[in-house]
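Residue strings, one per chain:
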Amino acid sequence: METNTSNNYGLLAKFPSPETLVNAARRATDAGYREFDAYTPFPVEDLSDAMRMKPSKLPYAVLGGGISGGLLGFLMQVYATVFDYPLNIGGRPLLSWPAYIPITFELTVLLAAFGGVIGLFVVTRFPQPYHPVFNVEDFQKHGSQDGFYLGIEARDPKFDLANTRKFLEDQGAILVSEIEA
Amino acid sequence: MANSNEIPVLQPGHTYTTISEKISEIPLTHPRKTPRGWLVGFAISFLGMMLLLFAASYLFINGVGIWGINIPVGWAFAILNFVWWIGIGHAGTLISAILLLFRQDWRTSINRFAEAMTLFAVANAGLFPIMHLGRPWLFFFLMPYPNTQGLWPQFRSPLVWDLFAILTYATVSLLFWFMGLVPDLATMRDRASNIWVRRFYGALALGWRNSARHWHHYQSVYLLMAALATPLVISVHSIVSVDFAYGNVPGWHSTIFPPYFVAGAVFSGFAMVLSLMIPLRKFYHLEDFITQRHLENMAKVMLTVGLVVAYGYLMENFLGWYSGDVFLRFNTIDRWTGAYAPWYWLLMFCNVLVPQLLWFKKFRTNGILLFVISILVNVGMWLERFIIIVQSLSKDYLPSSWHLYAPTFWDIATLVGTLGLFLTLIFLFVRVLPSISIFELRELVHHQSGSGHEIKTANEAPAK
C-alpha cells in the first residue's frame with residue numbers, strides 16, 4: 001500500500017458492455033477485492049449482486065422522516081387546539097383528531113421525502129466537487145454516456161499495480177488507466 | 001399491455017451514444033444558433049408573462065376590486081385558475097410516479113417533461129391564493145409560527161390544509177424532479193465544450209459520477225419517492241375539492257367531489273401534456289423517443305379519466321333530482337338553462353362528447369387531431385371550474401342576494417398572463433435542461449437489446 005499512495009488513486013478498467021462489467025465485478029469480489037467501484041451510465045441491477053452490496057439502508061431514513069413528520073404534524077395540532085388555544089365551539093370535542101389527518105399526512109410525506117433525499121446526500125457525500133476518477137480522460141468523455149468502468153482503489157489491501165492491472169486485463173478490459181489522486 | 005405488433009416505445013437503431021447526443025444537443029446548442037421558432041415562441045410567452053406582471057402590479061396597488069367579483073360571487077377567476085393549474089400539474093406526478101410503480105416503460109421518455117410541467121403549473125397555481133387575498137402581504141398568517149397575538153391557524157379548515165398540501169406537493173415534486181435530473185446533468189457536464197457551461201451543469205450535477213454504489217442507493221430512494229408522491233397527488237386534489245365540498249353551497253356540498261376532482265385533474269393534466277408534447281416532438285424531431293405509442297397511451301388514459309369525469313357530471317345531475325333538495329334541484333336546472341347555460345353545454349361538449357373520439361385509433365394516432373382534442377379538453381376543464389365556482393355562487397339560497405358575475409379586463413389579463421409565465425418557463429426548461437430523461441432511455445436500450453450497441457428487436461417490451 002505504501003508504494004501506491006503517492007499519486008495513484010487506483011486503476012480504472014473500461015469494459016465493452018454492462019455484461020462483461022458485471023462478470024469482472026463478480027470476479028473482483030471473488031478475488032478478494034473490497035475497495036472498488038463500478039461506473040455505469042445507467043443503473044445496472046446485476047452489479048448490486050456482483051459487488052455484494054448490502055440492501056440500501058436509506059428506506060429507514062425515509063421511514064424515520066415519515067414517522068417524525070407524522071408525529072410533529074399531529075402533536076402540533078393537538079397542542080394548538082387542545083392546550084395552547086382551546087376554543088369551545090358549541091361543546092364540540094377539543095381533540096377533533098379526524099380534522100388533523102390531512103396536515104398530519106402532508107407533513108408525513110414531506111419529512112419522509114426530505115429524509116430520503118438528505119439521506120442520499122449523506123450516503124453519497126454529495127455535493128462532491130472533486131473526485132480522482134475524473135482525472136482519467138476517457139472517463140470524462142464516456143463515463144456518463146456509454147462507458148462501463150471498474151475502478152479498483154489503491155487503498156485496497158490486495159491492490160498491486162502490476163498484478164491488479166493484469167487481473168483487469170484478464171477480465172476483458174479494453175482499456176486500463178491509472179487514476180491520479 | 002404491450003404485444004409484439006405494437007409500435008415500440010423507442011425507435012430501433014439507437015445506442016447509448018446516440019441517445020446522449022440527440023437529447024443533450026438541444027440544451028447545448030450555441031445561443032447564437034437557437035432555432036428561430038424557439039425565439040418567436042419565447043418572445044410571445046415572455047410578453048404574456050409581462051402582462052401578468054402588469055396585472056399583478058395593478059392588483060397589488062388597487063386591490064381585488066379591479067376584478068369582476070361581487071357578493072355573492074366572491075370567488076371567481078383567481079380560485080378557478082388556481083384549481084385549473086394545480087389540476088394540470090397532477091398529470092406530471094401521475095406519469096412519473098404512478099406509472100413508475102406500475103413499471104410502464106413508456107413513461108420513460110415523457111416523465112421529465114411532465115414533471116417540469118407539474119412544477120411550473122404548481123408555481124402558477126400558488127400565485128392565485130396570494131393574489132386573491134385582500135391583504136396579500138399577510139399571506140403568512142396561514143402558517144403556524146410564533147406570533148405576538150398568540151394565535152394559531154384554524155387547523156380544522158380545508159383552506160389551511162390546502163396550504164400544507166400545496167407546499168408539500170411543490171417541495172416533493174421539486175425534489176423528485178431534481179433527483180431524476182442529477183445523472184443527466186452529469187451527462188450534460190461531460191458533453192459541454194464551453195468551460196462555463198460545463199461548470200454550470202457540473203455545479204448542478206453535484207459531482208455525480210455514475211458509481212454503482214451510488215446508483216444502488218439512488219434507485220431505492222427514487223422508488224420510495226414515487227411511492228410517496230402517489231398518495232400525495234391524490235391527497236392534494238382531494239383537499240382542493242374539500243375547499244368547496246365543506247362549504248354549504250348548493251352545487252359544492254357533495255361527497256363525490258374528491259374523486260371527481262382528482263379524475264378531472266388527471267384529465268386536464270394529460271390534455272396539457274399532449275398539448276405541449278405534440279408540438280415539442282415535431283419541432284425538435286423527437287419522434288424516435290416520443291413515438292405514436294406514447295401519444296396513443298396518453299390518449300387512452302385521457303379517455304379513461306374522461307369517462308370518470310363524465311360519471312361525476314352524471315352523478316351531480318342525478319343528485320340534483322334524487323336528493324330532493326329544492327336548492328340543489330334549482331341549481332341543477334339553472335346550470336342547464338340559466339345565465340351560464342351556454343358555458344355549461346360547451347363544457348359538456350368539450351369534456352364529454354369530444355373525448356369519445358378517442359375510442360377510434362385514427363384519432364389516437366393522429367398528432368394534429370389529438371392536439372385539437374387536448375386543447376378542447378383543457379378549455380372544457382377550465383369551464384368546469386367556472387361553472388362549479390361561479391354558477392353555484394351566483395344563485396344560492398336567497399334570491400335577493402343573487403348576482404351574476406362577468407370577468408373584467410384584469411381577470412382575463414391575469415389568466416393570459418399565467419399562461420405566458422407557464423410557457424416562458426417551459427421554453428426555458430426545454431432550452432436549458434434535457435427534456436427527456438437520458439439515463440432512463442439508456443436503460444431502456446439496455447433492456448430492449450441485451451447489449452446497447454444495436455437494438456435487434458425493439459418490440460420486446462416487458463410483459464406486464
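Residues numbered from 1 in each chain as written. Chains lettered and ligands numbered in written order. Predicted model: local features only at pLDDT ≥ 70, side-chain atom pairs only at ≥ 80, totals over all residues.

(A) Focus on the confidence of the model for chain A. With 97% of its residues at a pLDDT of 70 or more, chain A shows a mean pLDDT of 92. Contacts of residues 1-5 of chain A to residues separated by more than four positions or lying in other chains number 6 contacts, the stretch itself having pLDDT below 50. (pLDDT = per-residue confidence, 0-100. Contact = placed C-beta atoms within 7 Å.)

(B) Here's a closer look at the interface of chain A and chain B. Listed as interface residues are 54 residues of chain A and, on the opposing side, 45 residues of chain B. For the side of chain A that touches chain B, the secondary-structure elements that each account for two or more residues are α1 (18-30), β2 (36-39), α2 (45-50), α3 (58-84), α4 (101-124) and α5 (137-142) of chain A. Broken down by element, the side of chain A that touches chain B gets its largest block of residues, 14 residues, from α4 of chain A. (Helix = DSSP H or I, 4+ residues; strand = E, 2+ residues; numbered from the N terminus.)

(C) The arrangement of the packing of helix α7 (residues 212-245) of chain B against helix α8 (residues 257-283) of chain B in detail. Residues and elements named next belong to chain B. Relative to each other, α7 and α8 sit at 125°, their axes nearing to 8 Å. When the interaxial angle is binned, α7 and α8 end up oblique. Like other packed secondary-structure pairs, α7 and α8 cross with a definite hand, here right-handed. Mapping the contact onto sequence places Ile-234, His-237, Ser-238, Val-240, Ser-241, Val-242, Phe-244 and Ala-245 in α7 and Phe-257, Pro-258, Phe-261, Val-262 and Ala-265 in α8. (Axes fitted to C-alpha atoms, helices over the stretch in contact; angles between N-to-C directions. Parallel < 35°, antiparallel > 145°, perpendicular 65-115°, else oblique. Left-handed = near helix turned anticlockwise from the far one by under 90°.)

(D) Expanded view of unusual backbone geometry. Following Phe-126 of chain A, the chain continues into Pro-127 of chain A via a peptide bond in cis, with omega recorded as -5°. The residue Pro-127 of chain A is located in the loop between α4 and α5 in this model. Here the amide bond leading from Ile-71 of chain B into Pro-72 of chain B is cis, since omega sits at 15°, within 30 degrees of zero. With respect to the helices and strands, Pro-72 of chain B occurs in the loop between α2 (36-62) and α3 (77-101).

(E) Representation of the sheet that holds strand β4 (residues 175-180) of chain A. Residues and elements named next belong to chain A. Strand order across the open sheet formed by 4 strands is β2-β3-β1-β4, with antiparallel pairing between neighbours. The two strands at the open ends of the sheet, each matched to only one other strand, are β2 and β4. Neighbouring strand axes in the sheet, compared pairwise and without regard to direction, differ in orientation by 20° on average. Note: β2 against strand β3 (residues 148-153), 4 bridges, orientation antiparallel. Paired with Ala-38 across the bridge in β3 is Leu-150. (Pairing = 2+ DSSP bridges.)

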